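Letter by letter, the chains look like this.
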Amino acid sequence: MTARVAKVFSEVLGVSAEQISDETSPDNTPQWDSMAAMTLVVAIEDEFDVTLSTAEIISMRNVEIVRKVLRTKGVADA
Amino acid sequence: MSEPMAPAYAGDVAGRAAAIEAKKAWRDHVSGAAGRAPALRVGLAASFTADTLVPFIGAALLTADTVAEFKVGPYNQLFQTCLDPQASFGGPCDVIVLLWRVEDLMLDEITGFLSGDAEALSRARAKLASLAAAIRQLRGGFPGMVVVGVPPYPTGGAASLLSLDNAGGLGGFHRTLAGEFVDEIGRIEGVSVVDLDAVQRQAGFAASFDPRKWYLYRQPFSDAFLHTAGRQLGRIIMASRRAAKKCVVLDADNTLWGGIVGEDGIDGIQIGDEFPGSAYRDFHKLLLSWRARGVLLAVASKNNEADVWEVFDRHSGMVLRREHLSAWQINWQPKAEGIPLIARALNIGTDSLVFIDDNPMEVAYMRDALPEVTSILLPSEPADIVSTLQALTLFDQLEVTDEDRKRADMMRAERDREVLGAQINHTDFLQALDLRIDLFNARTEDLGRITQLINKTNQFNLTTIRRTLDEVRELAGSSDFRLYGLRVTDKFGEYGLTGVIIARISTDRRRWTLDTLLLSCRVLGRGVETALIGALADDARAVGAVEFAASFIPTAKNALSASFLPDQGFSRVGEQEWHLDLSEAPAIPPHIERAVAEGVTGRGFAAEAFETRLSAVAGQ
């Protein structure tokens, strides 16, 4: 877990950075509701200066997948 | 094959950074807001998912020191919300915001209209009328503020840049509906309007729509659009809660025109059709548009009053005229003293005033002396003046009444012309300024600026003797003269080389005759004139002089300096001649410190050292 990824999720979801892991997902994190999902997309794009496709957005069901998507987009420290 | 362009909804760099900043401000507030009771409860309902607008409205209100709490009603249930807002928002609200898009409410009608269905437009109009009726019902039963949105241009589907301008296509459909909606709302008293159509234009049509979020979340807008919309809503909401400023007090030189009338003359200032005069003229038009809404206009200028009126009354380029002004203070007193007099003359509080000046020092002084006055620094780029000041929200008010429109004229008619004796206690203010003067023997590198001052200073100039650079250089090298420059600094910064004294020394070295004494008007007052004579007297005594001789030669422009010699203790010995015994010379006032410049003793220095330095520089 990189600090940048943990920071984005912790800020948007309102949970501490230590609580963010690769397994963090809407299933185990009640704060990750549909509103948070929408906010997360923009926050991730802002932080890593990327544009996510709808396919990528739909695929991002946990933090690990988000990190994989970011790495395929050339983000080194995801 | 070339890379596809980045989608417009990604936004531009600056806009994106500002949006991120706003969202962060709101997030920080929410995470730390536990103890802060909201001053305002805002209910937000829209024909689309509006949750993402909340941080932007919230952040905009925070910048106006207002903490709001938001309740977002269920998506696309505007009619239900109007009929029962309590139920939609789960509790009472102070402000209800209703936003809608044509394509959310009237998609079938749009499709029909574009495929030639002659009835489609009237069906859309019927829907519009029922929406207006629902809003009317909400207004009737809800005591708070109601803000409704003008729908933006439809996006996605049939919308394209070509269709934007198509009177018979989507462009015409949207224009008709949006226009009729504004008319309908205008007939309901007490409903405010946020023009999302204009917001979309401001953010850019293509940059406003984020199709990904629309398909995934029924949330059609980019952050660029939401940020602009949030700021606009914040502005509208604040306008209903904060008393608008009542009067704008304007500097004259380099604010209402380019240049300095006292120095450049009425023919030398810039105001009229040609840039930069045109930028100042457009500023006048903006001021008159404020005046038409009830904002009073006043002038606070350090000037000869007659010079300023000559511009107002005679200059053909002036759009703003004397009769537009409700009050003025045109003199050489500190503006922090004049402005309360303006407020008293207009019978308003100083906290209702906005002060606009091009001089950072004046603005800093005003913020220090009268923090309740909103002091604004005019942009130094003339082309930016109007666009910057148009963005001011200070005069925002939601409804402009006939009385507002007439106020400026009424105040003008009743303007109280009595001389107001009230003066501010200025001693503490002066002490806090950390005023320093540096009266120094001029060096070669100063001679250019000194010559410039000698040839252009009109107002504070005892003799108005003009000299060429060669003459000044020769005089600087002569042991029969002392050539001084003056710098003034205070805690707000440095005023630069702003004064010149040329003293001719008698053969017996006992008398210094003030051939030239001039000061830039920027540094007048606050005891600087006395400090100048005090410092000069120190230097003169140190080399054995016992008296000053001076003359005051009146011109059309230098009335300002007429009282200088008697004020400093000189006595009159002839038609224009004055005399001061150095044992009676004033001391430097206690609130002013004399700086000792590097390599200069502060008590004068040997003429030969000065000449050596001069020739060394000249030989380079």
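Throughout this document, residue positions are counted from 1 along each chain, in the order its sequence is written. The lettering of chains begins at A and the numbering of ligands begins at 1, in the order of writing. Residue-level local features of this predicted model are given only where pLDDT is at least 70; pairs of side-chain atoms are given and counted only at 80 or more, and the full residue set underlies all totals for whole chains, interfaces and linings.

Moving on: the overall build of chain B. The number of helices and strands found in chain B is 26 helices and 18 strands. Sequence separation of 24 or more characterises 72% of the internal contacts of chain B that already satisfy a separation of 6 or more. The secondary structure listing takes helices from DSSP runs of H or I that are at least 4 residues long and strands from runs of E that are at least 2 residues long, numbered from the N terminus. By the criterion used throughout, residues are in contact when their C-beta atoms, derived from the backbone, lie within 7 Å.

Residues and elements named next belong to chain B. Residues Phe275 and Pro276 are joined by a peptide bond in cis, for which omega reads 5°. Among the structural elements, Pro276 can be located in the loop between α14 (261-264) and α15 (277-292). Despite not being glycine, Asn76 has its phi angle at roughly 60°, a positive value. With respect to the helices and strands, Asn76 occurs in the loop between β2 (68-72) and α3 (78-83). Even without being a glycine, Thr464 presents a positive backbone phi close to 50°.

In this section: the packing of helix α2 (residues 54-63) of chain B against helix α13 (residues 223-239) of chain B. Residue and element names in this part refer to chain B. Geometry is summarised by axes, namely lines fitted to C-alpha atoms with helices restricted to the contacting stretch, and by angles between N-to-C directions that run from 0 to 180 degrees. Look at α2 against α13: their axes get within 7 Å of each other, and the N-to-C directions meet at 45°. Classed by the angle they form, the pair α2 and α13 counts as oblique. Here α2 runs over α13; the crossing is right-handed. Along its contact with α2, which presents Phe56, Ile57, Ala59, Ala60 and Leu61, the element α13 presents Leu226, His227, Ala229, Gly230, Arg231, Leu233, Gly234, Ile237 and Met238. Angle categories are assigned with fixed cut-offs, so that under 35 degrees is roughly parallel, over 145 is roughly antiparallel, 65 to 115 is roughly perpendicular, and the rest are oblique. Crossings are classed by handedness, with left-handed meaning an anticlockwise turn of the near helix from the far one by less than a right angle and right-handed meaning a clockwise turn.

A few words now on the nonpolar core. All names here are of chain B. Leu44, Val97, Leu98, Val147 and Leu233 are the most contacted members of the largest nonpolar core, which has 66 residues in total. It is α13 that provides the largest number of residues to this core, a total of eight residues. Those residues in contact with Val147 that lie beyond four places of it in its chain are Val95, Val97, Ser192, Val194, Leu233 and Ile236. Counting 50 residues, the second largest nonpolar core, distinct from the first, contains Leu439, Leu483, Leu514 and Ala535. The nonpolar core criterion groups buried Ala, Val, Leu, Ile, Met, Phe, Trp, Tyr and Cys residues into a set whenever they are joined through C-beta atoms within 7 Å. Burial in this document is a count-based property: other C-beta atoms within 10 Å of a residue's C-beta are tallied, and the residue is buried at 20 or more, exposed at 12 or fewer, or partly exposed in between, with C-beta positions derived from the backbone.

Our focus in this paragraph is helix α9 (residues 170-186) of chain B. Residues and elements named next belong to chain B. Given a rise of 1.5 Å per residue, 17 residues ought to cover 24 Å, and the 24 Å separating the end C-alpha atoms of α9 matches this to within 8%. Taken residue by residue, α9 has Leu170, Phe173, His174, Leu177, Phe181 and Ile185 as its buried positions. Seen from one end, α9 has its buried residues packed into an arc of 90°, which puts them on one side. Exposed side of α9, more than 90 degrees from the buried face: Gly179, Asp183 and Gly186 are the residues found there. Expected helix span is computed as 1.5 Å times (number of residues minus one). Starting at the helix axis, one direction is taken to each C-beta atom, and the arc is that of these directions.

What follows deals with the interface of chain A and chain B. Reports often express the size of an interface as the amount of accessible area lost when the parts come together. Each partner contributes residues to the interface: chain A has eleven residues there, and chain B has 15 residues. Among the elements of the structure, α2 (34-48) and α3 (54-59) of chain A are those that each provide at least two residues to the side of chain A that touches chain B. It is α2 of chain A that contributes the most residues to the side of chain A that touches chain B, six residues altogether.

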